[in-house]
Structure formats: C-alpha cells, structure tokens
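Structure assessment
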Amino acid sequence: MRDTAEIVLGLLPPDVKYGDIRVIRRTHEQVLVELDGPGEVNYDDSLGLGLRVLIDGQWGFAATHRLDPQGLDAVVAQAVGQARATGGGGHVVLGTPVTTRDTWSSPMDVDPFTVPLSTKLDLLAATVKEAATAGPLVQQIEASMDFYRDEKVFANTEGALIEQTLTESGGGLMVNAGDGNDVQRRSFPQGVPRQIRGQRGDFATAGFEHVLSLGLVENAARVAAEAVELLSAPQCPDEVTTLVAGSNQLAMVLHECAGHPMEADRALGTEASLAGGTYATPERRGNFRWGTPIVSAYADATIPGALGSFKYDDEGTPSQRTQLVKDGIFLGYMSSREYAGALGLESTGQARADGWQRLPLVRMTNICLEPGESSLAEMIDGTKRGILVDINRGFSIDDQRMNFRFQTEIGWEIKDGKVGRMLKNCTYQSDTPTFWGSLDALGGPSEWRVHGVPSCNKGEPLQVAHVGHGTVPGRFRNVQVGR
Amino acid sequence: MSINQSDVEQALAILGAGTRLDILGENADLLRYAESEITAQHSERRLRVRARINRNGRSVAGSLETLDPVAVRALADRLQAALGELPPGTSEAAPAADHSAATPDIPAASSVLESDPAVRHQWFKTVRDGLDSAAMLGGAIRYDVLDRVVADSTGLFRAETLTKASIQAIAKQDGKSASVRIMHRDADQIPVSEIPDRLREALRPLPQVEAHHGTCRVLLKPQAANALIATYGYAVLGANAYATGRSAVSGRLGEKVASELITLVDDGCDPDGLPSGFDAEGNVRRRTPLLENGVLVGVVSDQRRAGLTGGVPTGHAVPDGWRFGGDPVPSHLLLEAGESTEDELLAECGSGLVVNRLDYLRVLHPKETLVTGTTRDATYWAEDGKIVGWHPQMRFTFRMEDVMNAVIGVGAVRERCDQTFMESVVVPSLLIDAGPLTLP
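**Topic: the nonpolar core**
- By size, the foremost hydrophobic cluster in this structure holds 58 residues, and its most contacted members are Phe396(B) and Leu430(B).
- Sort the elements by how many residues they give to this core and helix α6 (residues 222-236) of chain B lands first, with 10 residues.
- Excluding residues that lie within four positions of it along the chain, Leu430(B) makes contacts with Val218(B), Leu219(B), Leu220(B), Ala225(B), Leu228(B), Ile229(B), Ile262(B), Leu335(B), Val407(B), Gly409(B) and Val410(B).
- Val31(A), Phe147(A), Val149(B) and Ala151(B) belong to the second largest nonpolar core, which has 53 residues in total.

**Concerning the side chain of Asn425(A)**
- Among the secondary structure elements, Asn425(A) is positioned in the loop between β18 (418-423) and β19 (427-431).
- A residue is classified by how much of its surface remains accessible, and Asn425(A), at 3% relative accessible area, is buried.
- Within the structure, the side chain of Asn425(A) is placed 3.2 Å from the side chain of Gln235(A), a separation counted as a polar contact.
- Discounting residues that sit within four places of it in the chain, Asn425(A) has contacts with Gln184(A), Gln235(A), Cys236(A), Arg393(A), Gln407(A), His365(B) and Glu368(B).

**A short note on empty space enclosed by the protein**
- Scanning the entire structure with this criterion turns up 7 cavities of 30 Å³ or more.
- In terms of lining residues, the largest cavity is bounded by 25 residues, among which Arg26(A), Asp150(A), Lys152(A), Arg352(A) and Ala353(A) are the most central.
- Where the lining of the largest cavity is concerned, the elements lending two or more residues are β1 (18-34), β5 (138-156), β6 (161-178) and β22 (463-471) of chain A.
- The residue inventory of the lining of the largest cavity, partitioned by class, reads 9 nonpolar, 6 polar and 10 charged.
- One number sums up the size of the second largest cavity: a volume of about 210 Å³.
- If you trace the second largest cavity, you find 17 residues lining it, with Glu338(A), Tyr339(A), Leu359(A), Pro360(A) and Leu361(A) closest to the centre.
- Breaking the lining of the second largest cavity down by element, the ones donating at least two residues are α8 (337-342) and β14 (361-362) of chain A together with β2 (37-55) of chain B.
- Residues belonging to the lining of the second largest cavity are distributed by class as follows: 8 nonpolar, 3 polar and 6 charged.

**Some details on helix α8 (residues 342-349) of chain B**
All names here are of chain B.
- Burial in α8 covers these residues: Leu-345, Leu-346 and Cys-349. Within α8, the buried residues cover an arc of 100° as seen down the axis, which keeps them to one side.
- Here the buried face of α8 lies against β8 (217-220), β13 (352-355), β16 (379-383), β17 (386-390), β19 (407-410) and β22 (430-432).
- Of the residues flanking the end of α8, it is Gly-350, one or two places downstream, whose phi is positive at about 70°.

**Regarding the side chain of Arg32(B)**
- Here Arg32(B) shows up in strand β1 (residues 19-34).
- The buried category is assigned to Arg32(B), whose relative accessible area is 8%.
- A distance of 2.8 Å separates polar atoms of two side chains, one belonging to Arg32(B) and the other to Glu271(A).
- Here Arg32(B) is in contact with Thr270(A), Glu271(A), Leu274(A), Leu361(A), Gly459(A), Glu460(A), Glu37(B), Ile38(B), Thr39(B), Ala40(B), Gly139(B) and Ala140(B), once residues within four sequence places are set aside.

**Here we look at the packing of aromatic side chains**
- With the rule as written, the count across this model stands at 21 aromatic pairs over all chains.
- Ring geometry for Phe404(A) against Phe435(A): centres 5.4 Å apart, planes inclined by 90°, an arrangement best described as edge-to-face. You can see Phe404(A) sitting in strand β17 (residues 403-415) and its partner Phe435(A) sitting in helix α10 (residues 432-436), a full 31 residues away along the chain. Both residues of the pair, Phe404(A) and Phe435(A), belong to the buried class.
- Centroid distance Trp322(B) to Phe324(B): 5.2 Å. Interplanar angle 70°. Geometry classified as edge-to-face. Here the two residues Trp322(B) and Phe324(B) agree in accessibility, since each one is buried.
- Among the aromatic side chains, those forming a connected cluster through ring pairs are Trp290(A), Phe395(A), Phe404(A), Phe406(A), Tyr428(A), Phe435(A), Trp436(A), Phe476(A) and Tyr360(B).
- When the ring centre of Trp59(A) is taken as reference, the NZ or CZ atom of Arg52(A) above it lies at 4.1 Å.
- For the cation-ring pair, Arg204(B) lies above Tyr380(B), with the distance from its terminal atom to the ring centre recorded as 5.5 Å.

Rules and cut-offs
- Residues numbered from 1 in each chain as written.
- Chains lettered and ligands numbered in written order.
- Predicted model: local features only at pLDDT ≥ 70, side-chain atom pairs only at ≥ 80, totals over all residues.
- Heavy atoms only, no water.
- Core = buried A, V, L, I, M, F, W, Y, C linked by side-chain atoms within 4.5 Å.
- Buried < 20%, exposed > 50% of the residue type's maximum accessible area, 1.4 Å probe, protein only.
- Helix = DSSP H or I, 4+ residues; strand = E, 2+ residues; numbered from the N terminus.
- Contact = heavy atoms within 4.5 Å.
- Polar contact = N/O pair within 3.5 Å; in protein donor to acceptor, adjacent residues only side chain to side chain.
- 1 Å grid on protein atoms, 1.4 Å probe; cavity = no way out; pocket = protein on both sides within 12 Å on 5 of 7 lines; lining within 4 Å.
- Points joined across faces, edges and corners; volume = space filled by probe spheres on them.
- Nonpolar A, V, L, I, M, F, W, Y, C, P; charged D, E, K, R; others polar.
- Arc of directions from axis to C-beta.
- Phe/Tyr/Trp six-rings, centres within 6.5 Å; stacked < 30°, edge-to-face > 60°.
- Lys NZ or Arg CZ within 6 Å of the ring centre and 35° of its normal.

Coordinates in, geometry out; function isn't part of it.
This is the structure we're talking about:
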C-alpha cells in the first residue's frame, strides 16, 4: 500500500500544485443472531485508493479499486482531467504544509479479528435467549456485533507519509414487541436510526473487550421486558413540561444541534444544497447565545477509545480538541485545511472520508458536553412534574439545524421528585437555542461517558462516519412534549 | 458491461454449491458546486462483489472489490469455515427460485456511458449564468453507470447496465431559496436550459406572510409528494412488514386504505421511472399493483416472502447489508396521474399552503405511519387560488395514512424523482384536504 501511494504521487504532472493519496484496506466482520435463525456472518474486504489533486485552485478527485499499473495510470488521468476540466480560477487555500511521517495503531486489549467466531455466536445467542424470556409478544430480536479495521496509508506532495491502523468494535441488541395493535422497540445500549440491520449498539475504537464490557446478556431480559411493557404503557402526554434526558439521548441531540451545524463547510455554504445550511454562520461566532451559561461543548479526537478518535485525519492533520461552545456561546468550528483556510484559520483536523472511494469532508469526531455539577438523581429529585426520556428512536431537524423533533424509545413520568409510570411514544420538539437555553442542570463528571455512533450521514455521494459523543444527563425546563 | 461472465462463473465454481453472487460495477462522476462556484469534481470506479452461501439453513456472506481467483478463494475458505461454526438452521427455507423469466432488456444511454467532465461543467455554467446576478447556486450534477450481475450456482446469470444522470440546482436570493431536481437514464433528455427559468420563477418577489396556524388545505408539488409516497411505500408496502404485523395495512388486503384518487404501482421496467430489470436475488421485477383507487391490492416481495404474492417474488429483494434494512420494499413507485392542471389544483386549494419540497421526513411510529419532517426551499401561501406570499418554513408531524385518505386532487403532470432508499418515484402534485396536516 505504501509503495502504491508513492508510485501514484510520482505519476502526477507538474501542474499539480498539491496532491494527496489515501490507500485503504477496510475489513469488516459482522455477526448477527436473530430470534428464529441460526445466525448470520458477513465478511467485507475493500481495498482501493483515492487521489485528490489541486490544479489552478480547483480540485479533481478520482478513486479506483484497480491497483495494477493500468489502474494507477487511469486514476491519475481521471483526477487530473476532472481538475483541468473546470478551467482554473479556484481559490483553495490549504494553510501550513503537512509533512508528518509517522506510523500509528489504535490501542486495544483483544484483537477482535482473532476471537473465534464461536465465541461471538455464543455470546449473541445467549443474549437472544435471555431476551426471549420476555414472552410471546416479542416478535423480533436481533443481537449483533461488528468489527472494523482500517489500514490507511496517507501521502501528499508536501512530503507527508502516515500509516495508521484503526480497529473498532461494537455490539448491541434490538427487540420489537407487538400485540397486533401496536409495535414497540427497545434497543441496548443505544438506539439506531431507522431499520439498520447489524451495526447496532455502542461502538468504540477498541478491541473485543469493548463488546464484553457492554453487558449484553445481563441486560437482555430487562430490555425485552420493557419492549413488552411499552405496548400497554400510556401515551406520552401532550404538554409543556420539564424534560430530563439521559446521556444517551443527549448524545443525539448534541450531534444534530452542535455537531453538524458547527462544521465549517456547512457554515460556508457548501452543504446548503444537500444536507443544508446552519444557524452557526461566521458572523455569529463569539456572540450567538447557543445555550445557558452552564453548557460548554467541544470536539475532541484525542479521547482514548472513543469512536471518533484517531491520530491523524485524512489530510494528515493531528487530532486535537476544539472548543465549539463556551459558557453557552457559540465559539468555533470543526474544519479541514480548505475550509479553515477560507476562514483564515488552521485546520482543526476534522477532514474525514468514508473509505478510499470518497473525498474527505469536514466531519465531526467526538462531540462532547463538559459535565456539570448535578446528577440524574438530583435532577429527578428537583422536578415536581416532568418526564424522563432516553434512547433515541427517531428525529428530524430542519436544514438550518434549528427546528427539531425527537422521539425516544422509552420514557417515564416524574411526579414530586419520583420516577413513576412508563410512557410510550415520547416526543419533544423545540429549536436549538431555545432548547439549550432552557437547560438548568447537567450531570457531573462521574456520569460522563462517550457513546459511539457508527451511522453519521453527510455528503453527496453519501458518506457514513463513525463518531462519538461524550455526554451526561441534562434537565430542560418548559419543553413541548407529546404527539 | 465491464463484468466478464467467465470471471463470474469461475468465482461461482470456487465458492461452490449454494452460492449467489450480486456484483456491482459502479462508475460515478460528480460535479459539486456551492455559492455559484465549483467545489469539487469527483470520479469513482469500484467493483463490489457480494457473495452469499446458503447451505442446510445456514447462511454466510462476504464481499470483495475483485473477482481475482486468489482473493475469491481466500473468501471461500473463510466463508466455509464460518458455515461450520453456525448451528443448523431452524427457520423455514425460502421456496426454490424460478428464474425462467427472461431478463428484461433495459437500454443504456450512450450520453452517460461516454461521460465527459466538460459536459457537466457546461451544465453548471448554463444554470448559473441563467440566474440573476444576485442569486447564488448550489447543487450537484451526477452521472452513474451501474453494471449489475446476479448469478448463482444453479446457472442463473442476469446482467444489465443502468445509466442515470441527475442535476440538483438550488438557488438562493434575498434570503429565499428554490430547488429543481431532474433525473433521467439519458443525460440528453434533461432540459438543463429550462432550469434557470424555473428557479427564477420560483424565486419571484413576493411578500413574506405570517405563519398560518391550524389546519388548511395543502398542495404538495411533485418533489414534496415524492417524499410522502416513497416513505409510505417503504414503511407500509413490503411483504415482510405486512406478514409480521408491523405494517399499518397488515391484514387489510382488499380494503380501502387511501383516497379513491390514489392508484399506485411498482414497476421496475416502466420507462417513466429509472428502470432496472431484476433485484438482488435475480428475481425479475414484476409490475406490482399496490393501491387501486385507494384499495390495497398488493405488496412487494422477495423469495422468502413470495408466498404472499402468489408464490412468485415480485423482484424486490434488497442487497445484502443494505443500510435501510433486509426486508423487501418497493423500488420503483409510480403514482397514476390525475386530470387536474397545476392551476386547477391551486384554484381548488383556495387558501392554503403550497409545499415544493418536504425534507428530512422520518418515521416516528411505523405502525401508525406517524412521520415528522420539514418544508424546504420555496413554501408559499395561497389566497383564493393565487400564490400571494412566501410562508415560513415549517415542521409537519402527521399520520401518512390520514394524508393518503385526504387526497382530493391529483395533478396531470408527473415528475421523476428518487430517494436514497428508493430508485425512482414518479408522482404528480397532490392536493390534501384540510385536517391531517396541522400547522403548529
């Protein structure tokens, strides 16, 4: 792979002012056990390269699975042809050259690709068996685990040559219960959007030890019983009330309200026609009140084991921590070299691509809340009337990342400081600054944890990124909940 | 066709009995632009070889980017080892596949096969230069050539080459935006020169009206109706969801589930859509009536759920590892046109909302068909059948079943649309009676 990268750079014509290449092999193993089947196993292996060139300020990009000499010649011709077809006149500024030469592998205790398949199947089968104890209203159970390994070589015309190996592991459980009139779902440890098969649960840049730490078997019966109980639970009331959100739920709200809006390419209008624009426009930087003064948020790709962590991004920029919100004020952007340059800044190291075949985009890494001084128990204790919700089930947000509606898998009444009846179909809606401006309590450091989400979508062609969110529970006053 | 049949047969021989190959040669060329400037030109070539082996109720799968025999042999060894680890299957086996039907002939378009980045650049210039100087243009132009092969160890071999060109153009001016999205299998059939006029007309100066609260009639233009019909089809009209009781229409075949103005079919070979002839299992896509004058008459199936469709799959198996799930879902929806012109629909709407695009429509509760989403780009308010102003963007949360029952007018002109989870959706405008769509 390293030789391939160097050969391709050597083929670039002189008018290429900047070029970089990523040669990547991605290995993915997925193991799935369902209620009525023996299980499924899937092995994916993908090897290819992506070449990006800058000619007269215009990008050209080409990607290919063909690594033979003819394939390499063709990919150079395609990338250069794309850039030249524009006829020049581009204004891309890349900032400080990247010249790093390094080799790095993400840490892990147990290499998941060396763990016997039988061990994985046994763990998932035991999880399904436990979940099935919830009775005949359980219609569907899926327990799965996924493992990824990305071996990446990055090289550029500025002299950089970086070899990174990232290993990611995750797993989870999904239970659907139905009684003919209603269908309810519970997931563990966290929800997944829509009907994604496999790739469920919580993920980390770690080895098999992460899957063992999830407690899938230990939680399966409870989770399935909750799915059944939800069928007969009362509907979430339609009212303005206090909302206490678990850290898992806040992960997704933070993702949509801070993560995507504070990507610099979106702020500069390049995603406006696709995923949308943002309220976090450059003139609002440093003066837009995003939330109450107790809330601060940051992006941090250096958190050990978090799913959005790495040592270098897909332009060779080192991982780092970037403050996004400080004391409730919108403060900064995530960026790549190009979009930092457009803002007169240096890259914050968030150029990431979904594999060799795609252009790097500005992508969130680990978007985190700084913990507060409260706790979930104290928040509930201090709530006379409200609802407690957790585990995201679905959501939608407008193209400026303002007006949103979230639905959770499960909720409970809070009355006079106590958790009461289970509630189903809990939804809440607000807009970003109003919602975060109603925050009056955040959990403390002991409740802070990172949730690994492997399904962040962006771009054209669509790219899926693996990201993390470090969050705590939070309490929000005067939120519209219900249908 | 860039996939060699002898390479496929060699791979099948290596992988052995019970193997099915689903192979995609993907060639994508893309021009992206924003703020009236080109931001990237993108060329992607890849070969995705998906192999699935089914033996004795056990199933394993894997994928590669090559048909090289050495790599295929390594995958075969790995899959064989995995099969040995799996317990025997207990679920009901799918019926034996009948592949006697001929592979439909879907012609590829030379305008896309002979892709040239200069053509896309010219399209961009045509649209940008046709707009007012104060307008900013964003979007993407994309050409796709997809070589498909589905083959198995029983002798099945189906192959096709699909072409698609598309342009998305969003113009922003004075704080307002309007969008056009056009696609066709033949790039020469896309009326690029008409796009600036459409955008300028949509961005015409109108006053901003106050947000309406409560219910009113809503005219969903084709791009907005696309989101509704596609999401409804995905959530409701698949055989597995129907058979397991998770669909809102489970058990209601033969019953009225929508307005009598609604007639909906799935037809992968209809040239009004973006044709493709067979599914990921190699089943030929059959024209499948779904709703006839509002009555549920069918669902779509794959081999496992063929029992629900007369023992023959309708050709709606999804690829292994598809990110939107493993159950059969509609792929090429066509909603029958009505007789109303756009002006007649607007007149019948009277005072109400005109929605050009529904965005981020997400299912909150599939059994109840409860969804939420927002309007995007040009949203207008009409008074007495005339558009009188821009209405603020707004969020809808509604039951799709209620809206499907409240259709009181269907346009005569259909547009070809798509979704990330559906290959093509051909729909006219829909006029929705006051009631199910409430403006908060």
